[in-house]
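Listed here are the chains, written in short residue letters.
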Amino acid sequence: ISILYSRQESEEKTLNIFCSFRTVGRPGFLRRGAVGTQLGSMLNKSISLATQHEVASENGTTSSTDTTTTPFEDEVHLILEYPIMSTWDSIVSPRANRIILTHDITNSELKTLEPFHKAAASFGCQLYVISGLHLLEGQPDALRTQRLHDVVAAIRNIPRTIPVHLELASVGDVHFLREIIDTVVHEVDSIGLNEQELGMFYLAISNSDPSLMHIYTTPTVQASYDTLRYMHYYINANFTGDNAQQHVNSRRLSRIHFHYLQYHMVAVRQCDADEHKDQTFCWTNNAASVAAGSLVATIQACQKEDDPDMPLDEKAYQSVVLDYVNLLLPHQILDLKNGQVIEIDPTTNLQPIVPVWTDQGVDYTLAPVLVCQNPLKTVGLGDAISTTGLVVALGGTTTST
């Protein structure tokens, strides 16, 4: 799945940017995937969809029965969420959970990659968001490798002034994940990932024992910080010494947005004094960005089904949401490895709610999460978190709230 977002100036107040994107005179999103009539009818009209003919013509598989307006058939992406103590006949659920069933042929082969980028050339985009690479895991090795290199080729045709974000998802094959890292991650400006993906990323680049994955089940701030620090070190090492020439035409990963139940953390490489600044995108609003992602997770998880258009200004946020949340991030002492420590305690006014620190040219910003006591939605939270953070990081409207 590839999504392209065209940012427009917004006049909405404070939190509205977290749940809606205004557009002026043209679609705000360009999506090239297998969306049929049933799913398409549920989507906002600002989303531009592909037809079978557009995708087939780019892949050389056009049929005589296809027309320029023939829609896709909906492919299966079924998500069943259920809370604790739910009953199904005589079975009682001991915990909240979800089951995801997919039969996603189009995206599992990245069939829409080429038509997407062809359409994007005239779209006037300001941000590319790429996701769905994990779906290649079920393909033969040769196809995996070829399509990853096709993704890289498409990225290299995007002007450096337009940032590219990669949203990761769960990959069980650590060797395939390493291949994604060594090909695509070295070509993007930003990535987003959760705690499971953070742990797998670390295993892939460090060749560590898989038993370390238990650390990332409920990662401390220290464990997450140490991992993000190592990830930036690993990426930076590929732009220096003998590796520099290999990546002379590559973007340099400069932003990592990590999201976990209790807290989120953004690690952004400073670009002003960077010797590779021509390859490094300059991000802004780091504190506002991570705070915005934290807030949208709370709002989306707690928002009532019967009030989808609830105004999300400060008053509504406090009255509707705050009665139903908990702050789960415990008091912690963060060791920066340089003789400095940071005390993290969002429950007291003695410490900053959004602590910020710098280490080896990377700015780290942490935001606690107001965790919904009885979440109504869990699907799509990671995507909402990352895209909201990106909008604010690119200068989207926000306030000190």
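In the structure shown here, the tally under the stated rule is 9 aromatic pairs. Pairing Tyr225 with Tyr364 gives two aromatic rings, centres 5.1 Å apart and planes at 80°, and the pair type is edge-to-face. Separated by 139 residues along the polypeptide, Tyr225 in helix α8 (residues 221-237) and Tyr364 in strand β17 (residues 362-368) bring together distant segments of the chain. The burial state of Tyr225 is the same as that of Tyr364; both residues are buried. On the basis of an interplanar angle of 10° and a centroid distance of 5.7 Å, the ring pair of Trp357 and Tyr364 is categorised as stacked. According to the relative accessible area criterion, Tyr364 is buried, its value standing at 1%. A network of ring pairs unites the aromatic residues Tyr202, Tyr230 and Tyr233 as a single cluster.

Let's shift gears to the pairing of strand β15 (residues 341-344). When a strand is regular, its side chains alternate between the sheet's two faces. Here β15 shows one buried face, formed by Ile342 and Ile344, and one open face, formed by Val341 and Glu343. One ladder, built from 4 bridges, connects strand β14 (residues 332-335) with β15; its direction is antiparallel. Looking at the pairing, Leu334 lines up with Ile342 of β15. Here β14 folds back onto β15 in antiparallel fashion, the turn holding 5 residues, of which Lys337 has a positive phi close to 70°.

Further remarks concern the packing of helix α6 (residues 174-183) against helix α7 (residues 195-206). For the pair α6 and α7, interaxial distance at closest approach is 9 Å and the crossing angle is 85°. It follows from the interaxial angle that α6 and α7 lie roughly perpendicular. Contact with α6, carried on its side by Val174, Leu177, Arg178 and Ile181, involves Met200, Phe201, Leu203, Ala204 and Ile205 of α7 and no other residues of that element. Class assignment for the residues of the contact of α6 with α7 results in 8 nonpolar, no polar and 1 charged.

Taking 1.5 Å per residue as the helical rise, helix α5 (residues 141-156) with its 16 residues ought to reach 22 Å, and the 23 Å between its terminal C-alpha atoms agrees with that figure. Taken residue by residue, α5 has Arg144, Arg147, Leu148, Val151, Val152, Ala154 and Ile155 as its buried positions. Down the axis, α5 shows its buried residues gathered within 160° of arc, on one side only. Packing partners of the buried residues in α5 comprise α4 (113-120), β8 (127-131), β9 (164-167) and α6.

Turning to a nonpolar patch on the surface, a few remarks are in order. Taken together, the side chains of Val76, Leu78, Leu80, Trp88, Ile91, Ile99 and Leu101 make up a nonpolar region of the molecular surface, amounting to roughly 740 Å² of accessible area. Where the nonpolar patch is concerned, the elements lending two or more residues are β4 (76-82) and β7 (97-103). With respect to the element layout, Leu78 can be found in strand β4.

A word on the packing of helix α9 (residues 286-302) against helix α11 (residues 381-393). Interaxial distance between α9 and α11 falls to 8 Å at its minimum, and their mutual angle equals 145°. Handedness of the crossing formed by α9 with α11: right-handed. In this structure, α9 contributes Ala288, Ser289, Ala292, Gly293, Val296, Ala297, Gln300 and Ala301 to the contact, and α11 contributes Leu381, Ala384, Ile385, Thr388, Gly389, Val392 and Ala393.

This part takes up the pattern of salt bridges. What the rule picks out here adds up to 9 salt bridges. Between Arg147 and Glu114 there is a salt bridge, and its shortest N-O distance comes to 2.9 Å. One end of the pair, Arg147, is in helix α5; the other, Glu114, is in helix α4, with 33 residues separating them in the sequence. Note that Asp141 and Arg144 form a salt bridge whose closest N and O atoms lie 3.5 Å from each other. In this pair, Asp141 and Arg144 both sit in helix α5, 3 residues apart, roughly one turn of the helix.

What counts and what doesn't
Residues numbered from 1 in each chain as written. Predicted model: local features only at pLDDT ≥ 70, side-chain atom pairs only at ≥ 80, totals over all residues. Heavy atoms only, no water. Phe/Tyr/Trp six-rings, centres within 6.5 Å; stacked < 30°, edge-to-face > 60°. Helix = DSSP H or I, 4+ residues; strand = E, 2+ residues; numbered from the N terminus. Buried < 20%, exposed > 50% of the residue type's maximum accessible area, 1.4 Å probe, protein only. Pairing = 2+ DSSP bridges. Axes fitted to C-alpha atoms, helices over the stretch in contact; angles between N-to-C directions. Parallel < 35°, antiparallel > 145°, perpendicular 65-115°, else oblique. Contact = heavy atoms within 4.5 Å. Nonpolar A, V, L, I, M, F, W, Y, C, P; charged D, E, K, R; others polar. Expected span 1.5 Å × (residues − 1). Arc of directions from axis to C-beta. Patch = residues over 30% accessible without salt bridge, like charges linked within 9 Å, V, L, I, M, F, W, Y side chains within 5 Å. Areas by Shrake-Rupley, 256 points an atom, 1.4 Å probe, with all protein chains shown as cover. Salt bridge = Lys/Arg side-chain N within 4 Å of Asp/Glu carboxyl O. Left-handed = near helix turned anticlockwise from the far one by under 90°.

By themselves, these observations are geometric and do not establish any function.
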